[in-house]
Every structure is written in C-alpha cells, then in structure tokens.
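Spelled out from the first residue to the last, the chains are:
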Amino acid sequence: MKIDTDTQRVFIHPDGRMDRKNAARYLGCSPKTLADWAMKGQGPQYVLLGGRAFYFLEDLQSWIAAAPRLAGTGGRELRASD
C-alpha cells in the first residue's frame, strides 16, 4: 500500500522567527486561526515588526509543550459521544 503525503516546508529566519503563514504550517493550523487567537489574546506569543506578526520557534515550542492534554486520549479531547 502506498501512502502519499504532502510535505510542507517551514521557513525560519536565522534569528528563529517565522511569519504567521510559516508558524501556522509549523503548528498544523491555518494563518487565520493564528490571527483569530491573536485577536482574542490566546495562542502562542508573537511580536509585531513593521505591522506583521512574527512567531519565534522557541515560543511555539513552549506553547505546544504547555498545551493541556487529557490522559489516555493521545492528546485529543473527547467528544460527548466518546
């Protein structure tokens, strides 16, 4: 059986920062989701440079590590039907 996978490259500047599009690829979400989280004061920390949002790799990794997980669920939340 052959499984095709799409590989997306993430561009990280030498100083460790990523624009919103690349940060979203790294996290596996959409840039709009990151923008929505930023508007709500949620999600990973970011900085504005020249009016653009940038995310540092270290901050994304810390945010992922701090994300709550439910024991025995493989990290996913259970639905009411589970």
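Everything quoted here is computed from the prediction, not taken from an experiment.

**Focus: the side chain of Asn22**
Counting through the fold element by element, Asn22 comes out in helix α1 (residues 20-27). Using a relative accessible area of 9% as the deciding quantity, one classes Asn22 as buried. In this view, Asn22 contacts Arg9, Val10 and Phe11; residues no more than four positions away in its chain are not counted.

**Here we look at the sheet that holds strand β1 (residues 17-19)**
In spatial order, the strands read β1-β3-β2; together these three strands make up an open sheet with antiparallel pairing. Sheet topology places β1 and β2 (47-49) at the edges, where each strand pairs with a single neighbour. Going across the sheet, the axis of each strand differs from the next one's by a mean of 45 degrees, ignoring polarity. Pairing between β1 and strand β3 (residues 52-56): three bridges, direction antiparallel. Of the residues in β3, the one forming a bridge with Met18 is Tyr55. Contacting β1 and β3, α1 crosses the sheet at an angle of about 100 degrees to β1.

Rules used throughout
- Residues numbered from 1 in each chain as written.
- Predicted model: local features only at pLDDT ≥ 70, side-chain atom pairs only at ≥ 80, totals over all residues.
- Heavy atoms only, no water.
- Helix = DSSP H or I, 4+ residues; strand = E, 2+ residues; numbered from the N terminus.
- Buried < 20%, exposed > 50% of the residue type's maximum accessible area, 1.4 Å probe, protein only.
- Contact = heavy atoms within 4.5 Å.
- Pairing = 2+ DSSP bridges.
- Axes fitted to C-alpha atoms, helices over the stretch in contact; angles between N-to-C directions.

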